[in-house]
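# Residue-level structural notes
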Amino acid sequence: MGINPEKDNWLFHAQGYLKLARLCCQELLKPSHHWSEGNSRVPSDWHESFPVGYNTSDLLPGILFTIKHGIELFLKSALIDLGVPNFTSHDTIELFKTIKKIILTTKWKPVYLDTGQCELSEEEIMRISDEVVPRLEHLIISLRENQILNEKLGIAPVPDPKNQLFRYPQITRGNQYDFATLVTNISEEDIKGIILLIDELYEHLNDIGFMFAVDARHKPREK
């Protein structure tokens, strides 16, 4: 645990959700389990004769929801570190807007340890401002607007500020999607793409998380 246990609790949950989504994608690409395996409710002879693996319809909604939920928790953990927690909003665009403003308006300074080692370099500060922030913003908007529905079903994006879609079949105002068609249209390459998306999100969210953790310890800001 770091110096802020509350933040760490949110961070570990966030990382766990993204890793869970990645694990589900890996299971779809390289099946290694059966849902009936070790299930005391399923007769052993039935499992041995008709083993049933997990398929896209089983895991896709959970994959998409946990990615979005993981982002939400990552952003909330960062806001705790910054001293401006927001526990009420589920809107990842709103949460990221606060983070983006702080990153781009703060005059950060490099941080050097007593050993002389650079913990937060000028290059890293610039990379986060110039590359990580714009890329994360794009990914967060795409997921919050459920762009996958436009890509795979040809329908207009579905804004989802409360992160309800895929957690439920529809959101409060009735916007829903054709589940069967979406599942049919998801290919192996799409699942590989989702893994790459998770990896990129995990890397960049941890980039800003590290920056804010350094900030919490050293306050590398110009007065």
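Above this text is the structure in question.
In this report, the structure presented in the accompanying data block is examined. Computed from a predicted model, the values in this text were never measured in an experiment. (Residues numbered from 1 in each chain as written. Predicted model: local features only at pLDDT ≥ 70, side-chain atom pairs only at ≥ 80, totals over all residues. Heavy atoms only, no water.)

Along the chain, threonine 88 turns up in the loop between helix H3 (56-81) and helix H4 (92-105). By relative accessible area, threonine 88 is classed as exposed at 69%. When the C-alpha atoms of threonine 88 and glutamate 145 are compared, they prove to be 19 Å apart, with 57 residues separating the residues in sequence. (Helix = DSSP H or I, 4+ residues; strand = E, 2+ residues; numbered from the N terminus. Buried < 20%, exposed > 50% of the residue type's maximum accessible area, 1.4 Å probe, protein only.)

Summed over the entire model, instances satisfying the criterion amount to 17 salt bridges. Here lysine 76 and glutamate 72 are joined by a salt bridge, their closest N and O atoms 2.8 Å apart. Residue lysine 76 and its partner glutamate 72 are both found in helix H3; the two are separated by four residues, about one turn of the helix. Between arginine 144 and aspartate 91 there is a salt bridge; the shortest N-O distance is 2.8 Å. Placement of the pair is arginine 144 in helix H5 (residues 122-144) and aspartate 91 in the loop between H3 and H4, with a sequence separation of 53 residues. We classify arginine 144 as buried; its relative accessible area is 15%. Among the charged side chains, a network of salt bridges with common partners joins Lys7, Asp8 and Asp81. (Salt bridge = Lys/Arg side-chain N within 4 Å of Asp/Glu carboxyl O.)

Honestly, that's just the spatial picture; any functional story needs more than this.
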